[in-house]
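# Secondary and tertiary structure notes
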Amino acid sequence: MLFPLLILMICWKDMQRSLEGLKTFSYLEELILDNNLLGNDLLLPRLPHLHTLTLNKNQITELESLLDHLAEVVPSLQYLSLLGNVACPNELVCKEKDEDDYQRYRYFVLHKLTNLKFLDTRKVTRREREEALVRGAFMKVVKPKDAKASSEAASLSPEMNYTPLPSGSRDLTNHRGILGKCRYIYYGKHSEGNRFIRDDQL
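So, here is what we can say about the structure in this document. Everything numeric here is computed off the predicted structure, so don't read it as measured data.

The rules behind these values
Residues numbered from 1 in each chain as written. Predicted model: local features only at pLDDT ≥ 70, side-chain atom pairs only at ≥ 80, totals over all residues. Heavy atoms only, no water. Helix = DSSP H or I, 4+ residues; strand = E, 2+ residues; numbered from the N terminus. Axes fitted to C-alpha atoms, helices over the stretch in contact; angles between N-to-C directions. Parallel < 35°, antiparallel > 145°, perpendicular 65-115°, else oblique. Contact = heavy atoms within 4.5 Å. Nonpolar A, V, L, I, M, F, W, Y, C, P; charged D, E, K, R; others polar. Expected span 1.5 Å × (residues − 1). Buried < 20%, exposed > 50% of the residue type's maximum accessible area, 1.4 Å probe, protein only. Polar contact = N/O pair within 3.5 Å; in protein donor to acceptor, adjacent residues only side chain to side chain.

## A word on the environment of Arg104
- Structurally, the position occupied by Arg104 is in helix α2 (residues 99-112).
- As a C-alpha pair, Arg104 and Met139 span 35 residues in sequence and 5.5 Å in three-dimensional space.

## A few points about the packing of α2 against helix α3 (residues 126-135)
- In the contact formed by α2 and α3, the axes pass within 8 Å of each other and the chain directions differ by 75 degrees. Classified by the angle their axes make, α2 and α3 are roughly perpendicular. For the pair α2 and α3, the contacting residues are Gln103, Arg106, Tyr107, Leu110 and His111 in the first and Arg127, Glu128, Glu131, Ala132 and Arg135 in the second.
- Split into classes, the residues belonging to the contact of α2 with α3 amount to three nonpolar, two polar and five charged.

## A closer look at α2
- In this model α2 runs 20 Å from its N-terminal to its C-terminal C-alpha over 14 residues, within 8% of the 20 Å that 1.5 Å per residue would give.
- Summarising burial for α2: 10 of the 14 residues are buried, a large majority.
- Contacts from the buried residues of α2 go to α1 (63-73), β4 (79-81), β5 (118-119), β6 (122-123) and α3.
- Where α2 begins, the side chain of Asp98 points an oxygen toward the backbone nitrogen of Asp100, at a separation of 3.1 Å.

Structure follows, in structure tokens:
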């Protein structure tokens, strides 16, 4: 039995952004939801035959929750594109991101969605798949829990946008080291000094 409707392009800019109606298209194979102001509350119905999904130029910022949802509702997905979303670090969109950021993003996506053949504009390579299997789980970008509170505090008092040292370190007569915790992960990019550290010095 043939099903004539296999590709669906949707534009909901002037409508209520609800995807509930898609559940009637259970044999849908391709879905294009580009440029629809979709955010982290995106919920797709179960579409077991969907193999192509594009979500370009939306407002998705949380990558892990999206990937977990897609793994559950679209198990046959092979082609995915998330370009133009904050969740997809792209040096063409954000000057603070580079190719290393994008590659880590690819490893994490491939770790979550193991059946993908294409991600964004690139074919998934065998080497990428192997790396995702070994290191993909560790490529998740973690944001500080109090990022919102710290950004609000910084906006209220711009001169206080630093973290002061513990009170014990302010005594100039007491020269001792201070141990603290850092909220951010440093990957070593843009650092010239790391090139000159040998393994035996670590």
